[in-house]
Amino acid sequence: YCGLWQGVRDGHLKLERAQLARQIQAQSRVVKTEGNFKLWSTPKGEYWVPDTSDSILSILLAQQQTRIYGDAETGGVKSGDIVLDGGAHIGTYVRTALEAGASTVVAIEPSPEALWSLRRNVAEEIAAGRVIVYEKGIWDEEKTLLLYDNGNGAAGDSFVERPGARKIAAIPVTTIDHIVKE
């Protein structure tokens, strides 16, 4: 329920991000394929991505470039922060948080395909102890839920079933409080 001015501003920002995503896509190329994954060379580095969408990476990188989650001045990551990235996917925000000065990023990701890519994309940071990969989903209690594929490179896979969604696997879920305690 935003005002007219906010609606116009948000619409402009979405158009700007879409244009930026097209520019990033035009400057990116697949340099390697391994099974169901592609290694993309982009203006923001190389990223492994599940081979179900050729546009998701450029969209995610455009979001990061336009600081979708803010910056130090607007409530985003500051130097020395410990960041919980719920739904870390392939690690685009993990890299953004580290570049902003986060001391540690806990990358929480339930999707097996996204996890494979995430581990490859931030392998050095994992080895250095700057990234902790947490292989569960986030929920309001400890349990196991079915994860469903949305067909978009594991971005937006969901524990909520949608018509026609493919079941991926039964995945353990936990609470943010439990993750923080660990």
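For the structure itself, consult the block above.
Summary of the structure given here. Just so it is clear, the structure is predicted and the values come from calculations on it, not from any experiment.

## Observations concerning the overall build of the chain
Here is step 1: When you go through the chain residue by residue, the secondary structure sums to six helices and nine strands.
Here is step 2: A globule of 182 residues ought to have a C-alpha radius of gyration of about 16 Å, and the chain, at 17 Å, matches this closely.
Here is step 3: Projecting the C-alpha coordinates of the chain onto the three principal axes gives extents of approximately 40 × 40 × 35 Å.
Here is step 4: For the chain, with 182 residues in total, the buried portion stands at 40%.

## Remarks on the environment of Leu13
Here is step 1: Turning to its location among the elements, Leu13 is positioned in helix 1 (residues 4–26).
Here is step 2: On the basis of relative accessible area, Leu13 is assigned to the partly exposed category, the value being 26%.
Here is step 3: Between the alpha carbons of Leu13 and Ala97 there is a distance of 21 Å; along the sequence they are 84 residues apart.

## Considering the nonpolar core
Here is step 1: In this structure, Val83, Val94, Ala97, Val105, Leu118 and Val131 are the most contacted members of the largest nonpolar core, which totals 15 residues.
Here is step 2: Every element with two or more residues in this core is listed here: helix 3 (92–99), strand 5 (104–108), helix 4 (112–121) and strand 6 (131–134).
Here is step 3: Here this core takes four residues from helix 3, the largest share from any one element.
Here is step 4: Setting aside anything within four residues of it in sequence, one finds Leu118 in contact with Ala88, His89, Ile90, Gly91, Val94, Ala107, Glu109 and Val133.
Here is step 5: Of all hydrophobic cores here, the second largest spans 13 residues; its members include Ala21, Ile24, Leu57 and Ala62.

## Some remarks on the pattern of salt bridges
Here is step 1: Counted under the stated rule, the structure contains seven salt bridges.
Here is step 2: For Lys32, the salt bridge identified is with Glu34, shortest N-O distance 3.9 Å.
Here is step 3: Residue classification places Glu34 among the partly exposed residues on the basis of a relative accessible area of 29%.
Here is step 4: In this structure, Arg120 engages Glu34 in a salt bridge whose closest nitrogen and oxygen atoms are separated by 3.0 Å. Taken together, the residues Arg120 in helix 4 and Glu34 in strand 1 (residues 29–34) connect sequence positions 86 residues apart.
Here is step 5: Where salt bridges share partners, they join Lys32, Glu34 and Arg120 into one cluster.

## Points about unusual backbone geometry
Here is step 1: In this model, Arg67 sits at a positive phi of 55°, which is unusual for a non-glycine residue.
Here is step 2: By secondary structure assignment, the location of Arg67 is in the loop between helix 2 (56–65) and strand 4 (82–86).
Here is step 3: Phi at His89 takes a positive value of approximately 55°, unusual for a residue other than glycine.
Here is step 4: Of note, His89 is situated in the loop between strand 4 and helix 3.

## A short note on the environment of Glu16
Here is step 1: Tracing the backbone shows Glu16 in helix 1.
Here is step 2: When the C-alpha positions of Glu16 and Ser117 are compared, they lie 27 Å apart, and in sequence the two are 101 residues distant.

## As for helix 4
Here is step 1: For helix 4, the set of buried residues is Ala114, Leu115, Ser117, Leu118 and Asn121. End-on, the buried residues of helix 4 take up no more than an arc of 165°, which puts them together on one face.
Here is step 2: Buried residues along helix 4 sit in contact with strand 2 (37–42), strand 3 (45–50), helix 3, strand 5, helix 5 (123–127) and strand 6.

## Let's talk about the sheet that holds strand 8 (residues 143–149)
Here is step 1: In space, the three strands of this open sheet follow the order 7-9-8, with mixed pairing throughout. Looking at the sheet topology across the chains shown, the edges are occupied by strand 7 (137–138) and strand 8.
Here is step 2: Here strand 8 pairs with strand 9 (residues 166–174) via seven bridges, running antiparallel. Bridge pairing in strand 9 links Tyr148 to Lys167.

Criteria and cut-off values
Residues numbered from 1 in each chain as written. Predicted model: local features only at pLDDT ≥ 70, side-chain atom pairs only at ≥ 80, totals over all residues. Heavy atoms only, no water. Helix = DSSP H or I, 4+ residues; strand = E, 2+ residues; numbered from the N terminus. Rg over C-alpha atoms; globule rule 2.2 N^0.38 Å. Buried < 20%, exposed > 50% of the residue type's maximum accessible area, 1.4 Å probe, protein only. Core = buried A, V, L, I, M, F, W, Y, C linked by side-chain atoms within 4.5 Å. Contact = heavy atoms within 4.5 Å. Salt bridge = Lys/Arg side-chain N within 4 Å of Asp/Glu carboxyl O. Arc of directions from axis to C-beta. Pairing = 2+ DSSP bridges.

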